[in-house]
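Report on the structure
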Amino acid sequence: ALSEGLHIILEEERNNEEFSCESDVLLDGRNKSSPYFTIISKVLMLVRKYLFHQLEDDALDINISSCIAENNNRMGVPTILGIFFEGLACFKLARQSIGNQRATFLDQGESVLARIRVYNNHSTWNFE
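**Section: the packing of aromatic side chains**
- Applying the stated criterion across every chain, the model contains two aromatic pairs.
- Centre to centre, the rings of Y50 and F85 are 5.5 Å apart; their planes meet at 70 degrees, and the pair counts as edge-to-face. With Y50 in helix α3 (residues 35-51) and F85 in helix α5 (residues 77-96), this pair connects stretches of sequence that are 35 residues apart.
- Take F85: its relative accessible area is 11%, and that puts it in the buried class.
- A cation over an aromatic ring shows up here: K92 above the ring of Y50, its NZ or CZ 5.6 Å from the ring centre.

Now the structure itself:
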């Protein structure tokens, strides 16, 4: 189902160019020809890792919110969902970490929470 959703997004963004798998999308994104695809793929990867309890500390190198800010991407459901799951992952990893790592994850989680609150205040009709 995730693969089908990814292909639908790809068809919308590209002129029906076919990709065989998610790694093709990441490769295409690394070539800087389609940063939106890279962000969507990172969101799907983070959601899968979170839902299947496969988070490791390197999973947050994804840092979806900074990717969106760097590329000035439009804010749609996939990107907001990615930011939300980034925050959930930060708080979960903060509970499992100690010392400086814990503080880093908490700071990043608080930053994401503040961003979600801004979205809630400025588009309340989306959250009713």
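**Observations concerning the packing of helix α4 (residues 64-71) against α5**
- Axis separation between α4 and α5 bottoms out at 8 Å; the angle between their running directions is 140 degrees. Between α4 and α5, the residues in contact are I64, S65 and I68 and T79, G82, I83 and E86, respectively.
- Grouping the constituent residues of the contact of α4 with α5 by class yields three nonpolar, three polar and one charged.

What counts and how
- Residues numbered from 1 in each chain as written.
- Predicted model: local features only at pLDDT ≥ 70, side-chain atom pairs only at ≥ 80, totals over all residues.
- Heavy atoms only, no water.
- Phe/Tyr/Trp six-rings, centres within 6.5 Å; stacked < 30°, edge-to-face > 60°.
- Helix = DSSP H or I, 4+ residues; strand = E, 2+ residues; numbered from the N terminus.
- Buried < 20%, exposed > 50% of the residue type's maximum accessible area, 1.4 Å probe, protein only.
- Lys NZ or Arg CZ within 6 Å of the ring centre and 35° of its normal.
- Axes fitted to C-alpha atoms, helices over the stretch in contact; angles between N-to-C directions.
- Contact = heavy atoms within 4.5 Å.
- Nonpolar A, V, L, I, M, F, W, Y, C, P; charged D, E, K, R; others polar.

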